[in-house]
Amino acid sequence: MTILGIETSCDETSAAVVLNGRTILSNVVSSSVDFHKKTGGIVPEVAARKQVESIIPVLDECLSLAKTTLKKIDAIAVTAGPGLLGSLIVGTATAKTLALSLNKPLIPVNHLLAHIYANWLEENIPDFPLISLIVSGGHTQLILMKNHKDIKILGETRDDAAGESFDKVARILNLGYPGGPAIEKKALDFKSKETSLVLPKPLIHSKDYDFSFSGLKTAAFTAFKTKKHTACEIAHSFQEAVCEVLVKKTVKAVLENKVNSVVLAGGVSANKRLRELFFKNEQLEKMKIKVYIPKIALCTDNAASIASCAFYHRNITQLEQVLPNSSLFFEN
Ligand code: KG4
Ligand code: ZN
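It should be emphasised that the depicted structure is a prediction, and the values quoted were computed from it without experimental measurement.

Draft legend 1. Quick look at the overall build of the protein. A tally of regular secondary structure across the protein gives 13 helices and ten strands. Here the C-alpha radius of gyration of the protein, 20 Å, is about what a compact globule of 332 residues would show, namely 20 Å. Taken over the C-alpha atoms alone, the protein extends approximately 65 × 45 × 30 Å along its principal axes. Here the contacts in the protein between residues at least 6 apart in sequence split such that 73% fall between residues at least 24 apart. Surface exposure of the protein reaches about 15,000 Å², of which carbon and sulfur atoms provide 53%.

If you want it as structure tokens, here you go:
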């Protein structure tokens, strides 16, 4: 089954052709991130206008790279939410128009669930049941997946998402946008093993699976204002604190649920320190729990993950039942 995926939830315009949910024939991603650097963050109206400009050229390139045509596509999948409304409308309107005019099935896809499916585009795929940590710019969730359909949110952030906190702290430190890669790069400049800056690790010992990053962001801001710490020291301590909380809570979820794999997903899983902490985690190794993290290009927003998710969920029409916080689904 060949699925054309379309993703326009934020500042990336992406189209992909994926065979049987596993094999990428093409995956074109065009980002308007450079326009958002000027404003230090995304202005939704600007992102939506950029989506309008990019969607047709991206679709054309994706079909030509896959050496296929719209007629040969079996179904069209599109991110239905969550995301920026103006940006989402561009993708959903395009997908609906294509589906209607070509008389092909339309599969609405939950963006967060799709991030998890980036792992199905790799050579080795996770074993169920699994714990998935979704860490993106808008969300932070721990999910228990017993199979493709049995999905339960164990916990999520009570305030800022992990990626959002990276972006906000980068802004405080004048490192530019997007903040995640900027903080990661700056933290590498901190060569000393010792630091007097100990930032809080919010909810690290809480009994639930929730996260909170807003207080940590404020603590980083307070440290910056004291002028006692360099930007690289703050970036280092902040990154360590976020990563430690994410790892600890994920391992707790593994210890308390019978699972075979840990699966990372979303933009923050591109962070090399986070990847290292998961791949070299002794507790997970001891329990023989395998860790799966997509290659960096598939961690951030891309349409191949949308097409893969659509393949495995093509018979579930009410995805809202699966992930209740996700609005914006529409009828096929
Ligand atoms: O999943 P994603 O591409 O889009 C959303 O669905 O939100 O995630 C974007 C987020 C941004 O907050 C960005 O700063 C963060 O992922 N990010 C990173 C890294 N690369 C992207 N955070 C930490 N380290 C990185 N290397
Ligand atoms: Zn995303």
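Draft legend 2. Main features of the side chain of Asn 119. Of note, Asn 119 is situated in the loop between helix H4 (111–117) and strand E6 (130–135). A polar contact is formed between the side chain of Asn 119 and the backbone oxygen of Leu 264, at a distance of 3.0 Å. Filtering out sequence-adjacent residues up to four positions away, Asn 119 remains in contact with Asn 124, Ile 125, Pro 126, Val 263, Leu 264, Tyr 292, Ile 293 and Pro 294.

Draft legend 3. Region of interest: the coordination of the zinc ion (ligand 2). At the metal site, the zinc ion (ligand 2) is ligated by His 111 (NE2), His 115 (NE2) and Asp 301 (OD), and these contacts range over 2.0 to 2.1 Å. The sequence pattern describing where the donors of the zinc ion (ligand 2) fall on their chain is H-x3-H-x185-D. Of this pair, His 115 sits in helix H4 while Asp 301 sits in the loop between helix H11 (296–299) and helix H12 (303–312), and the two are 186 residues apart along the sequence. Owing to a relative accessible area of 4%, His 115 belongs among the buried residues under this scheme.

Draft legend 4. Highlighting the site of ligand 1. Close to ligand 1 lie 19 residues, the nearest being His 115, Gly 137, Asp 167, Glu 184 and Gly 267. Between ligand 1 and the protein, one listed contact pairs an oxygen atom with a side-chain N or O atom of Asp 167 at 2.7 Å. One of the backbone nitrogen or oxygen atoms of Gly 267 is found 2.9 Å away from an oxygen atom of ligand 1. For ligand 1, the accessible surface in isolation is 550 Å², of which the surrounding protein chains cover 88%. If you list the elements that add at least two residues to the shell around ligand 1, you get H4, helix H5 (162–172) and helix H6 (179–188). Of the residues assigned to the shell around ligand 1, the class counts are four nonpolar, twelve polar and three charged. Counting residues domain by domain, the shell around ligand 1 receives three or more from each of domain 1 (2–116 + 298–321) and domain 2 (126–293).

Draft legend 5. Looking closely at the nonpolar core. Formed by 47 residues in total, the largest nonpolar core has its most connected members in Leu 274 and Phe 278. Secondary-structure elements contributing two or more residues to this core are E6, strand E7 (140–145), H5, H6, helix H7 (214–225), helix H8 (231–256), strand E9 (261–265) and helix H9 (272–279). The greatest single-element share of this core, amounting to twelve residues, is contributed by H8. Setting aside anything within four residues of it in sequence, one finds Phe 278 in contact with Leu 133, Leu 246, Val 247, Thr 250, Val 262, Leu 264, Leu 284, Val 291 and Ile 293. Counting residues in each nonpolar core, the second largest holds 31 residues, with Ala 16, Ala 77, Leu 112 and Ala 304 among its members.

Cut-offs and rules
Residues numbered from 1 in each chain as written. Chains lettered and ligands numbered in written order. Predicted model: local features only at pLDDT ≥ 70, side-chain atom pairs only at ≥ 80, totals over all residues. Heavy atoms only, no water. Helix = DSSP H or I, 4+ residues; strand = E, 2+ residues; numbered from the N terminus. Rg over C-alpha atoms; globule rule 2.2 N^0.38 Å. Contact = heavy atoms within 4.5 Å. Areas by Shrake-Rupley, 256 points an atom, 1.4 Å probe, with all protein chains shown as cover. Polar contact = N/O pair within 3.5 Å; in protein donor to acceptor, adjacent residues only side chain to side chain. Donors = N, O, S within 2.8 Å, 3.2 Å for Na, K, Ca; no water. Buried < 20%, exposed > 50% of the residue type's maximum accessible area, 1.4 Å probe, protein only. Near = heavy atom within 4 Å. Nonpolar A, V, L, I, M, F, W, Y, C, P; charged D, E, K, R; others polar. Domains from an automatic or database assignment. Core = buried A, V, L, I, M, F, W, Y, C linked by side-chain atoms within 4.5 Å.

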